[in-house]
Amino acid sequence: MHTIFVEHWPWWAGGLALSALTVAYWWLVGRPLGVSGAWARVVGWEGEREAERAEASMGEDEQALMAALDAATLEEFGGLDGTGDEDDCGDEEDDEAREAIRTLAMGRRVPVGGHAVFLVGLVLGGFLGAIGAGEVGWELTLGREYQSLFGGGIAAWTTLLVGGVLVGYGTRMAGGCTSGHGLSGCSLLRPASLLATAAFFGTAVAVSLLLEGVLS
Amino acid sequence: MSRTYVSLGLLGLAMGFLLSRIGFSDFGEVHRMFTFADLRMLLTFATAVAVSAGVLAVLRARRHAPVIPVHWSQIVGGCLFGAGWALTGACPSIALVQLGEGRIPALATTAGIVAGTALYARIESRLGWRRVEACGA
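Residues numbered from 1 in each chain as written. Chains lettered and ligands numbered in written order. Predicted model: local features only at pLDDT ≥ 70, side-chain atom pairs only at ≥ 80, totals over all residues. Heavy atoms only, no water.

Caption draft 1: Looking closely at the pattern of salt bridges. The final tally for this structure, using the stated rule, is 5 salt bridges over all chains. Across the pair A:Arg144 and A:Glu145 runs a salt bridge, and its minimum N-O distance is 3.6 Å. We classify A:Arg144 as exposed; its relative accessible area is 66%. A salt bridge links B:Arg32 to A:Glu145, with the nearest nitrogen and oxygen atoms 2.6 Å apart. Taken together, the residues span two chains, with B:Arg32 in helix 2 (residues 27–34) and A:Glu145 in helix 7 (residues 144–150). Because the salt bridges share partners, they merge into one network encompassing A:Arg144, A:Glu145, B:Glu29, B:Arg32 and B:Arg40. (Salt bridge = Lys/Arg side-chain N within 4 Å of Asp/Glu carboxyl O. Buried < 20%, exposed > 50% of the residue type's maximum accessible area, 1.4 Å probe, protein only. Helix = DSSP H or I, 4+ residues; strand = E, 2+ residues; numbered from the N terminus.)

Put into structure tokens, the structure is as follows:
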């Protein structure tokens, strides 16, 4: 019990658990796991409502688009199963293209409230983690290392606020974060995600080494 | 519909607990990962990607994934995020996990993330281009 709840997990256990989570999210939600996307949906709640209304009114167009697409596919490739079943054994490349267009056409599928529930789950999960470790209670610092780099006063809080803005702005600009690009995207060997992950990981390493050299 | 909410709630709960137990929400651990003082979390992440890649390949998940063209915004945005991650020890999920753990400074990080996300949404609408979402949104 001590090794599960108190000590940090060994790399293989953590890695297996994280990959299980990545796959489980995909399996249950039907979309790749991504936390900054959830943030964006929740923060942009108001604009979201408008977008959902617009999407609802576009529903018919979308159906027409899918029908036209299926018809065109059928015409070009002949005996393909026109229902667009996911387990279709037809030409894989064609399937891929059709699925991609379908995904784009369907756009956002997870309701905003679902993303909000997910974010609340993260908070409660952290709470459970702290309970397990027997560390329940408020802490005014992020730990010894943070203290030694930034101190504990207004400078530390300002750094967190500015850093937070960089995290929010940067992940939105890049279209994903550690989970969306790093876990989900890299697992798909998607070039855009590999690029983004190299960019944020490389920069984090450079800045951390710089901090280490300058501040401590 | 309600199944989606329950799934997302449980997934969030599992992820929060997991990140906390791995040590991802611990600034010191993250800092040691970025300075290569401790390779444990680097290996954790590499293992997670390698195993997921294998499973997703078997499931042929790529067919159902959003298509994301390579764009310069992924590099610039990634660099901004990386700098923020090094300064705060937090990626978007971690600030919330830290709040759950009772780490009060995470309030500042969370406020920053909300502000940064909202700021980008405002700016993008004036840029005339849109990057494609990698996440499950």
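Caption draft 2: Structural context of empty space enclosed by the protein. This structure, assessed with the given rule, holds 2 cavities of 30 Å³ or more. Approximately 90 Å³ is the volume attributed to the largest cavity. Around the largest cavity sit A:Leu18, A:Thr178, A:Ser179, A:Leu183, B:Met15, B:Leu19, B:Phe24, B:Phe45, B:Cys91, B:Ser93 and B:Ile94, which together line it. Where the lining of the largest cavity is concerned, the elements lending two or more residues are helix 9 (178–187) of chain A together with helix 1 (2–22) and helix 5 (92–100) of chain B. When grouped by side-chain class, the residues that make up the lining of the largest cavity number 8 nonpolar, 3 polar and no charged. (1 Å grid on protein atoms, 1.4 Å probe; cavity = no way out; pocket = protein on both sides within 12 Å on 5 of 7 lines; lining within 4 Å. Points joined across faces, edges and corners; volume = space filled by probe spheres on them. Nonpolar A, V, L, I, M, F, W, Y, C, P; charged D, E, K, R; others polar.)

Caption draft 3: Structural context of the interface of chain A and chain B. At the interface, 118 residues of chain A touch 109 residues of chain B. Buried area between chain A and chain B, both sides added, is near 10,600 Å², and the carbon and sulfur share of it is 75%. Applying the counting criterion to the chain A and chain B interface returns 1 salt bridge. Our count for the chain A to chain B interface comes out at 18 residue pairs in polar contact (both at pLDDT 80 or more). Across the side of chain A that touches chain B, the residue classes tally to 67 nonpolar, 34 polar and 17 charged. (Contact = heavy atoms within 4.5 Å. Buried area = accessible area lost by both parts, 1.4 Å probe. Polar contact = N/O pair within 3.5 Å; in protein donor to acceptor, adjacent residues only side chain to side chain.)

Caption draft 4: Representation of the state of the cysteines in the model. Considering all chains together, one arrives at 0 disulfides over all chains under this definition. No disulfide involves A:Cys186; its sulfur sits 12 Å from the nearest other cysteine sulfur, which is in A:Cys177. Judged by its relative accessible area of 7%, A:Cys186 falls in the buried class. Cysteine B:Cys79 shares no disulfide, and the gap to the nearest cysteine sulfur, in A:Cys186, comes to 15 Å. Here B:Cys79 falls in the partly exposed class, since its relative accessible area comes to 32%. (Disulfide = S-S within 2.5 Å.)

Caption draft 5: Up close: the side chain of A:Arg172. All names here are of chain A. If you trace the backbone, arginine 172 turns up in helix 8 (residues 154–174). The exposure class of arginine 172 is buried, given its relative accessible area of 3%. A distance of 2.9 Å separates the side chain of arginine 172 from the side chain of serine 36, its partner in a polar contact.

Caption draft 6: Seen up close, helix 3 (residues 40–58) of chain B. Here helix 3 of chain B spans 27 Å end to end across 19 residues, near enough to the 27 Å set by a 1.5 Å rise per residue. Those residues of helix 3 of chain B not exposed but buried are B:Arg40, B:Met41, B:Thr44, B:Phe45, B:Thr47, B:Ala48, B:Val49, B:Ser52, B:Ala53 and B:Leu56. Close packing links the buried residues of helix 3 of chain B with helix 2 (11–29) and helix 9 of chain A together with helix 1 and helix 2 of chain B. At the C-terminal side of helix 3 of chain B, B:Arg60 shows a positive phi close to 50 degrees. (Expected span 1.5 Å × (residues − 1).)

Caption draft 7: Examining the packing of helix 3 (residues 35–43) of chain A against helix 5 of chain B more closely. Interaxial distance between helix 3 of chain A and helix 5 of chain B falls to 7 Å at its minimum, and their mutual angle equals 80 degrees. With respect to helix 5 of chain B, the element helix 3 of chain A is oriented roughly perpendicular. Side by side, helix 3 of chain A and helix 5 of chain B meet where A:Val35, A:Ser36 and A:Trp39 of the first sit next to B:Pro92, B:Ser93 and B:Leu96 of the second. The residue inventory of the contact of helix 3 of chain A with helix 5 of chain B, partitioned by class, reads 4 nonpolar, 2 polar and no charged. (Axes fitted to C-alpha atoms, helices over the stretch in contact; angles between N-to-C directions. Parallel < 35°, antiparallel > 145°, perpendicular 65-115°, else oblique.)

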